[in-house]
Amino acid sequence: MNICGCLVHATAPVVPEVRKRVEAMKGAEIHACDDDGRLVVVVEDTPEKKLPS
């Protein structure tokens, strides 16, 4: 299993939409979000899609 940590940076007006889209992705989980629009996201392999190793 591969796991990848990502920092996503979005402008304040679109943060709710970005959160919604990330949360809808299989294998993705938001671990933190601050007022500046930075989200810490962890992505792991799913049966449908593998991360590059």
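In case you missed it, the structure is sitting above this.
### As for the sheet that holds strand S3 (residues 38-44)
Logical step 1: Taken in spatial order, the 3 strands line up as S1-S3-S2 in an open sheet, and their pairing is antiparallel. Looking along the sheet, the strands with just one partner apiece sit at the ends: strand S1 (3-9) and strand S2 (28-33). If you compare each strand with its neighbour and ignore which way they point, the axes differ by 25 degrees on average.
Logical step 2: This element, helix H1 (residues 15-24), spans S1, S2 and S3 of the sheet and lies at about 145 degrees to S2.

### Structural notes on the layout of surface pockets
Logical step 1: Quantified by volume, the largest pocket comes out at close to 160 Å³.
Logical step 2: If you trace the largest pocket, you find 10 residues lining it, with Lys26, Val43, Glu44, Thr46 and Lys49 closest to the centre.
Logical step 3: Partitioned by chemical class, the residues of the lining of the largest pocket number 3 nonpolar, 1 polar and 6 charged.

What counts as what
- Residues numbered from 1 in each chain as written.
- Predicted model: local features only at pLDDT ≥ 70, side-chain atom pairs only at ≥ 80, totals over all residues.
- Heavy atoms only, no water.
- Pairing = 2+ DSSP bridges.
- Helix = DSSP H or I, 4+ residues; strand = E, 2+ residues; numbered from the N terminus.
- Axes fitted to C-alpha atoms, helices over the stretch in contact; angles between N-to-C directions.
- Contact = heavy atoms within 4.5 Å.
- 1 Å grid on protein atoms, 1.4 Å probe; cavity = no way out; pocket = protein on both sides within 12 Å on 5 of 7 lines; lining within 4 Å.
- Points joined across faces, edges and corners; volume = space filled by probe spheres on them.
- Nonpolar A, V, L, I, M, F, W, Y, C, P; charged D, E, K, R; others polar.

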